[in-house]
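Fold and geometry: a report
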Amino acid sequence: MTPDPPLRADARRNREKLLVAAEQVFAEQGVTASTEDVARAAGVGVGTVFRHFPTKEQLIEAVYHARLARLADLADQLAASADPGAAFAEFFTTTVEGAATKNALVDALARAGVTTDSPEVGQWVRRALGVLLTRAQEADAVRSDVTLPDLLGLLVGTSRAVEHLSDDPAARVRVVRVVLDGLRPPGGAQKVD
């Protein structure tokens, strides 16, 4: 994704409103929702949508990258937590809870032939997640043999698993707890949930 040119303050506000509205609309209606629905939810005209995002795929891609940036921000914020185990569990749970929408965005982009690779954002997320993992391991809240690739795989797998439980919120919570319990050191005193 190429960097966006600098925007005037009002254009920047409109872009942010559009991204927030698009994420909400896509979460509620799926990625097949119209750009008109997004414009209406943002309180702007459809022309404003197309000025910022000439294609729907570009809008979906921007929403996807904004979500990743928020996850990296969250990981950075949680890394300073006084309770690394709770911070790790919060990040894991938040990531899994938001995965259905993220996965729908990725799938829609893949169908359109748009790549979701963003080396900068991906590195930022991995770095922040690595800090969270290391701090949780140092606090004996997560097994010391878990690597960052292991954790990324568990996040992806758990996220896909809970998608199949969309009609049973209690089951989704149980699945996340089972995975978090499995990440605890054997005989560890601290829980990560």
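Position labels on residues start from 1 in each chain and follow its written sequence. Two thresholds apply to this predicted model, a pLDDT of at least 70 for residue-level local features and 80 or more for giving and counting side-chain atom pairs, whereas whole-chain, interface and lining totals are computed over all residues. Hydrogen atoms and water are omitted, and side-chain values are computed over all heavy atoms in the structure.

Attention now goes to the overall build of the protein. Going along the chain from the N terminus, every DSSP run of H or I of four or more residues is numbered as a helix, and every run of E of two or more is numbered as a strand. Helix and strand content of the protein: nine helices and zero strands. Counting from the amino terminus, the protein carries its helices and strands in the arrangement α-α-α-α-α-α-α-α-α. Accessible area is worked out with a 1.4 Å probe on protein chains only. A residue is then buried under 20% of its type maximum, exposed over 50%, and partly exposed in between. Put simply, the protein has 193 residues, and 41% of those count as buried. By definition, residues are in contact when any of their heavy atoms lie within 4.5 Å. Sequence separation of at least 24 residues holds for 68% of the intrachain contacts in the protein that already meet a minimum separation of 6. Per-residue and other accessible areas were derived by the Shrake-Rupley procedure at a 1.4 Å probe size, with only the shown protein chains allowed to occlude residues. Carbon and sulfur atoms make up 54% of the accessible area of the protein, which totals about 10,300 Å².

Quick look at the packing of helix H1 (residues 9–29) against helix H4 (residues 56–79) now. Two quantities define a packed helix pair, namely the angle between the axes and the distance from one axis to the other. Fitted lines through C-alpha atoms serve as axes, helices being fitted only where they are in contact, and the angles separating the N-to-C directions of these axes extend from 0 to 180 degrees. It is at 10 Å that the axes of H1 and H4 come closest, and there the two elements cross at 90 degrees. Considered as vectors, H1 and H4 are oriented roughly perpendicular to each other. When H1 is examined against H4, the residues Arg15, Leu19, Ala22, Glu23 and Phe26 are found in contact with a partner set consisting of Lys56, Leu59, Ile60, Ala62, Val63, Ala66, Arg67 and Arg70. Any residue outside Ala, Val, Leu, Ile, Met, Phe, Trp, Tyr, Cys, Pro, Asp, Glu, Lys and Arg is labelled polar, Gly included; the first ten of those are nonpolar and the last four are charged. The residue makeup of the contact of H1 with H4, split by class, is eight nonpolar, no polar and five charged. Orientation is classified from the angle alone, with under 35 degrees giving roughly parallel, over 145 giving roughly antiparallel, 65 to 115 giving roughly perpendicular, and any other angle giving oblique.

What follows is about helix H9 (residues 169–183). Residues spaced three or four apart along an α-helix point in a common direction, a consequence of the helix completing one turn every 3.6 residues. Relative to the 21 Å expected for 15 residues at 1.5 Å per residue, H9 spans 22 Å between its end C-alpha atoms, a close match to the ideal helical length. Every buried residue belonging to H9 is among Ala171, Val176, Val179, Leu180 and Leu183, and all of these are buried. Buried positions along H9 lie against helix H5 (84–97) and helix H8 (148–163). To estimate how far a helix should reach, multiply one less than its number of residues by 1.5 Å.

On to helix H2 (residues 35–42). Within the span of H2, buried status applies to Thr35, Asp37, Val38, Ala39 and Ala42. Close packing links the buried residues of H2 with H1, helix H3 (46–52) and H4. Following H2 by one or two positions, Gly43 has its phi on the positive side, about 75 degrees.

With that settled, consider unusual backbone geometry. The backbone of Asp140 shows a phi angle near 60 degrees, a positive value even though the residue is not glycine. With respect to the secondary-structure elements, Asp140 resides in the loop between helix H7 (119–138) and H8.

To continue, consider the pattern of salt bridges. Salt bridges are counted wherever a side-chain nitrogen of Lys or Arg sits within 4 Å of a carboxyl oxygen of Asp or Glu. Counted by the stated rule, this structure contains seven salt bridges. A salt bridge links Asp145 to Arg143; its shortest N-O distance comes to 2.7 Å. A relative accessible area of 28% places Arg143 in the partly exposed class. One salt bridge in this structure joins Glu163 and Arg160, with 3.3 Å as the shortest N-O distance. Here the residue Glu163 and the residue Arg160 both occupy positions in helix H8, the gap between them amounting to three residues, near one helical turn.

For this analysis, a nonpolar core means a set of buried residues of the types Ala, Val, Leu, Ile, Met, Phe, Trp, Tyr and Cys, connected via side-chain atoms within 4.5 Å. Within the largest apolar cluster, 25 residues are counted, with the highest numbers of intra-cluster contacts made by Phe88, Phe91, Phe92, Val142, Leu151, Leu180 and Leu183. Within the residue set of this core, elements represented by two or more residues are H4, H5, H7, H8 and H9. When neighbours within four sequence positions are excluded, Leu151 is seen to be in contact with Phe88, Phe92, Leu129, Leu133, Val146 and Leu183. Leu18, Leu19, Ala21 and Val38 belong to the second largest nonpolar core, which has 18 residues in total.

Here the protein averages 83 in pLDDT, and 82% of its residues register 70 or above. In this model, residues 189–193 is a region of pLDDT below 50 whose contacts with residues beyond four sequence positions or in other chains number 16 contacts. Confidence scores labelled pLDDT are given residue by residue by the predictor and lie between 0 and 100.

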